Amino acid sequence: MRQVCVPTAARLPRPWSRRTSLGTDLAAGLLLCMIEVAVCAGKLFADGMEVWAAQGDQARIDEARLGDTTWLEYFLAATVLLVVIAALSRAPWTVALQLLAAIVVAVLLGSAHHSHDQTDHRPPPAPNYTPCYSGSGRCH
């Protein structure tokens, strides 16, 4: 029985085996940033339309803002995942641009959490109700 040795050149290249070319690195980094900006702009527009459609209904507005905060958390996780993939591909410019994008998303997330914490979360006022007891003189 013969063993067949596969030469090194015939193996599939691994992304981390050599550094990504500068042109590919810059193109991928800029393309990812443009896609992220477009996605964020679309989400911001959709959230603005949701708040506009609420027409002052505070419960719907709060729900839309909470959904926006949750979406930002997932978007931050996806951006960090892209940083890891770019680091494995040895693409330093893409890593730098994605780290910058992750920092921007983290600041937006912190701002959303801060504004949520600053809103008034008092319970609704208790109804102005006085029980009516026989002989108390407070019955209406």
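See the structure above.
The shown structure was predicted, so the numbers you read here are calculated from the model rather than taken from an experiment.

Here's the deal with a nonpolar patch on the surface
Alright, step 1. A surface patch of nonpolar side chains, amounting to about 390 Å² of accessible area, comprises Leu22, Leu26, Leu30 and Trp93.
Alright, step 2. Considering each element in turn, the nonpolar patch owes the most residues, three residues, to helix H1 (residues 22-54).
Alright, step 3. Mapped onto the secondary structure, Leu26 falls in helix H1.

A look at the packing of aromatic side chains
Alright, step 1. Scanning the model with the defined rule gives one aromatic pair in all.
Alright, step 2. Summarising the aromatic geometry, the rings of Trp71 and Phe75 are spaced 4.9 Å apart at their centres and angled 10° between planes, so their arrangement reads as stacked. Of the two residues, Trp71 and Phe75 are both situated in helix H2 (residues 58-88); the distance of four residues between them amounts to about one turn of the helix.
Alright, step 3. The partly exposed category is assigned to Trp71, whose relative accessible area is 23%.
Alright, step 4. Taking the relative accessible area as the measure of exposure, Phe75 reaches 12% and is therefore buried.

Quick look at the pattern of salt bridges
Alright, step 1. All told, the structure shown has two salt bridges when counted by the stated rule.
Alright, step 2. As a salt-bridge pair, Lys43 and Asp47 come within 3.3 Å of each other at their nearest N and O atoms. With Lys43 and Asp47 both in helix H1 and four residues apart, this pair spans about one turn of that helix.
Alright, step 3. For Arg60, the salt bridge goes to Glu50, with nearest N and O atoms at 3.4 Å. Here Arg60, found in helix H2, pairs with Glu50, found in helix H1; they are ten residues apart in sequence, far enough to count as distant.
Alright, step 4. On the basis of relative accessibility, which here comes to 34%, the residue Glu50 falls in the partly exposed class.

Looking at the side chain of Thr79
Alright, step 1. Structurally, Thr79 is set in helix H2.
Alright, step 2. Looking at Thr79, the relative accessible area reads 1%, which means it is buried.
Alright, step 3. A polar contact of 2.8 Å, which involves the side chain of Thr79, links it to the backbone oxygen of Phe75.
Alright, step 4. Thr79 has contacts with Glu36, Gln98, Ala101 and Ala102, leaving out every residue within four places of it along the chain.

Considering the layout of surface pockets
Alright, step 1. Space inside the largest pocket adds up to approximately 550 Å³.
Alright, step 2. Every residue lining the largest pocket is counted, 24 residues in all, and those nearest its centre are Arg65, Asp68, Thr69, Ala112 and Ser115.
Alright, step 3. Broken down by secondary-structure element, the contributors of at least two residues to the lining of the largest pocket are H1, H2 and helix H3 (92-118).
Alright, step 4. Here the lining of the largest pocket gets ten residues from one element, more than from any other, and that element is H2.
Alright, step 5. Around the second largest pocket sit Cys33, Glu36, Val37, Cys40, Phe75, Leu97, Leu100, Ala101, Val104, Val105 and Leu108, which together line it.
Alright, step 6. Taken together, the elements giving at least two residues each to the lining of the second largest pocket come down to H1 and H3.
Alright, step 7. The greatest single-element share of the lining of the second largest pocket, amounting to six residues, is contributed by H3.
Alright, step 8. Class assignment for the residues of the lining of the second largest pocket results in ten nonpolar, no polar and one charged.

The rules behind these values
Residues numbered from 1 in each chain as written. Predicted model: local features only at pLDDT ≥ 70, side-chain atom pairs only at ≥ 80, totals over all residues. Heavy atoms only, no water. Patch = residues over 30% accessible without salt bridge, like charges linked within 9 Å, V, L, I, M, F, W, Y side chains within 5 Å. Areas by Shrake-Rupley, 256 points an atom, 1.4 Å probe, with all protein chains shown as cover. Salt bridge = Lys/Arg side-chain N within 4 Å of Asp/Glu carboxyl O. Helix = DSSP H or I, 4+ residues; strand = E, 2+ residues; numbered from the N terminus. Phe/Tyr/Trp six-rings, centres within 6.5 Å; stacked < 30°, edge-to-face > 60°. Buried < 20%, exposed > 50% of the residue type's maximum accessible area, 1.4 Å probe, protein only. Polar contact = N/O pair within 3.5 Å; in protein donor to acceptor, adjacent residues only side chain to side chain. Contact = heavy atoms within 4.5 Å. 1 Å grid on protein atoms, 1.4 Å probe; cavity = no way out; pocket = protein on both sides within 12 Å on 5 of 7 lines; lining within 4 Å. Points joined across faces, edges and corners; volume = space filled by probe spheres on them. Nonpolar A, V, L, I, M, F, W, Y, C, P; charged D, E, K, R; others polar.

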